[in-house]
Amino acid sequence: MVLTGRLAVLLKVSYGQACLYLGSLLIILLSFLLVRQLAKQRRPRGFPPGPTPLPVIGNILSLASEPHVYMKKQSEIHGQIFSLDLGGISTVVLNGYDVVKECLVHQSDLFADRPSLPLFEKMTKMGGLLNAKYGRGWIEHRKLAVNSFRFFGTGQKTFEHKISEECMFFVDAIDEHKGKPFDPKLLVTNAVSNVTNLILFGNRFAYDDHEFQHMIEIFSENVELAASGWAFLYNAFPWIEILPFGKHRKLFHNAAEVYVFLQQIVERFAQGRTRQSPRHYIDAYLDEIEQSAGDPAASFSQENLIFSVGELIIAGTETTTNAIRWAMLYMALYPSVQGRPPALEDRLRMPYVEAVLYEVLRFCNVVPLGIFRATSGDALVRGYSIPRSTLVITNLYSVHFDEKYWSHPEVFSPERFLDGNGNFVRREAFLPFSLGRRHCLGEPLAKMEMFLFFSTLMQRFSLQFPPGVVPSLTPKLGMTLQPLPYAICATRRQQ
Ligand code: HEM
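None of the values given here were measured: they were computed from a predicted structure. (Residues numbered from 1 in each chain as written. Predicted model: local features only at pLDDT ≥ 70, side-chain atom pairs only at ≥ 80, totals over all residues. Heavy atoms only, no water.)

A. Focus on the sheet that holds strand β6 (residues 391-395). Here 4 strands make up an open sheet; going across it, the order is β1-β2-β6-β3 and the pairing mixed. The open sheet has two edge strands, β1 (81-85) and β3 (373-374), and neither has a second partner. Relative to strand β2 (residues 90-95), β1 is paired through 5 bridges, and the arrangement is antiparallel. Across the sheet, Ile81 pairs through a bridge with Leu94, a residue of β2. Its contacts with the sheet place helix α3 (residues 67-78) against β1, β2 and β6, and it is angled at close to 120° to β1. (Pairing = 2+ DSSP bridges. Helix = DSSP H or I, 4+ residues; strand = E, 2+ residues; numbered from the N terminus. Contact = heavy atoms within 4.5 Å. Axes fitted to C-alpha atoms, helices over the stretch in contact; angles between N-to-C directions.)

Structural data, given as structure tokens:
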């Protein structure tokens, strides 16, 4: 009203005429935005087919519940490679093992980028490691992380011993529940993140460190929010940021809080550092910043240090924690798989433990859609043209339920990873850590952790649900799939 009044004075016209001018202007603006949006929604020439998108929002609504299942179903109609429109963002979805391998391995360079989506731009400016664009910054950060994980972690003889120590803290804390029902989520999260913490900071955090717990909690809330409908909406229409409501606000608030906390712990653990004599990832990173100080194109910076530390903490914690929580849930569900207590024949039984964990990773799909990729140049796949910078989703769930490679994929069966003599067998279409240039760099660590935590747990306890309770197996949706909170009883096995 005030604006219309001022316009009327300015243009020396009546109030009614000013209303008319302003209304027409608004209609022109909206029409322009609509035409621009519809143009953005046009499928590029030679692009794979896909379900018909709605005007403006495209296929976003279809992703509201179980997007990985929706995408697998769509691939049965449109083919292993099909397209979606995420509100003007042309997206290609890869389904089933064959096409995922064709793209991520046979055209590894072309499928190694990350999409410049507004959400990621805002959170990490496409720097750091996990979200970094494919180029020098990513190469430098990946190399430093891989070397640090080897040097301060899996490559060290004493590291297995350090994980075993954490396993002991973990089972002792479970023992405190004395066989009574408890939700293992917090304990597993703390124990698992401590293994990454040893590499990053050379330190573990006590299970009653509420500050650290709070940081992990809001960080993992963000992993969930990052795959919510709001996140897709924000990526398509970043101007919704001005709205005084919406889940994106929570996301940004959490991120800001996490970065302040990370800044503090980075400063704390850098104290007492000796140059070129790193004790952990932080020290090694600070050495890199100093070494590259004269190079204007270098990617190492205080800001990217915080981003990469955050990404390593959450990528290591959220995934491995959920895998162990699913494993515990399925053990209580299938007591026959838990079997009798491992004893002298432990060694012989190890392939079975391994098979159980592999089947949990296949069946439960901790990261069902991988981490979004993008094309780094124009690509040609099965006759379809995919332009540079197209968003690419790898449906890893569809790989693990690919009937060509798995018989009865809907059945939980560790035996599929064993041969007739009980030896462990690898399966080609087992891709929980994805493939190609950006495949998970924490794979060796995750496997070591899962094996040690799970076998220590099963050696000391048998797991049951509280009498008369069978928890839901429906996952909670997000970038990762996690079980809904459940209570379990851990009863000490007879020694
Ligand atoms: C069961 C445990 C884990 C699973 C299922 C898992 C799965 C994945 C998947 C699917 C990706 C996406 C790869 C792609 O872009 O195609 C990924 C990337 C990544 N993971 Fe893991 N992960 C696990 C544990 C870990 C651990 C323990 C760490 C480190 C502490 C870690 C660090 C990373 C990083 C840094 C990336 C990004 C790599 C890049 O962009 O170059 N992950 N992970």
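B. How the structure looks around the site of the ligand. Around the ligand, the surrounding shell holds 25 residues, and the nearest of these are Arg114, Arg142, Arg373, Ser434 and Cys440. With respect to the ligand, the side chain of Ser434 contributes an N or O atom lying 2.6 Å from an oxygen atom. Arg438 is positioned with one of its side-chain polar atoms (N or O) 2.9 Å from an oxygen atom of the ligand. When residues of the shell around the ligand are traced back to their parent elements, those giving at least two are α6 (136-154) and α13 (302-333). Among the elements that line the shell around the ligand, the one with the most residues is α13, at 5 residues. The residue inventory of the shell around the ligand, partitioned by class, reads 15 nonpolar, 6 polar and 4 charged. (Near = heavy atom within 4 Å. Polar contact = N/O pair within 3.5 Å; in protein donor to acceptor, adjacent residues only side chain to side chain. Nonpolar A, V, L, I, M, F, W, Y, C, P; charged D, E, K, R; others polar.)

C. Main features of unusual backbone geometry. One non-glycine residue with positive phi stands out, namely Ser389, at about 65°. Tracing the backbone through its elements, the reader meets Ser389 in the loop between β5 (384-386) and β6. Backbone geometry places His408, a non-glycine residue, at a positive phi of 45°.

D. Spotlight on the UniProt feature "binding site: heme" (unreviewed entry) in the chain. Residues annotated by UniProt as "binding site: heme" (unreviewed entry) correspond here to Cys440. You can see Cys440 is positioned in the loop between α16 (396-400) and α17 (443-460). Dropping the residues within four chain positions of it, Cys440 is found in contact with Arg142 and Phe433. (UniProt positions renumbered as here; feature names shortened; annotations may be inferred.)

E. Spatial organisation of the packing of helix α8 (residues 185-201) against helix α9 (residues 210-225). In the contact formed by α8 and α9, the axes pass within 11 Å of each other and the chain directions differ by 95°. Considering the angle they form, α8 stands roughly perpendicular to α9. Here α8 contributes Leu186, Thr189, Asn190, Ser193 and Asn197 to the contact with α9, which in turn contributes Phe212, Gln213, Ile216 and Glu217. The residue makeup of the contact of α8 with α9, split by class, is 3 nonpolar, 5 polar and 1 charged. (Parallel < 35°, antiparallel > 145°, perpendicular 65-115°, else oblique.)

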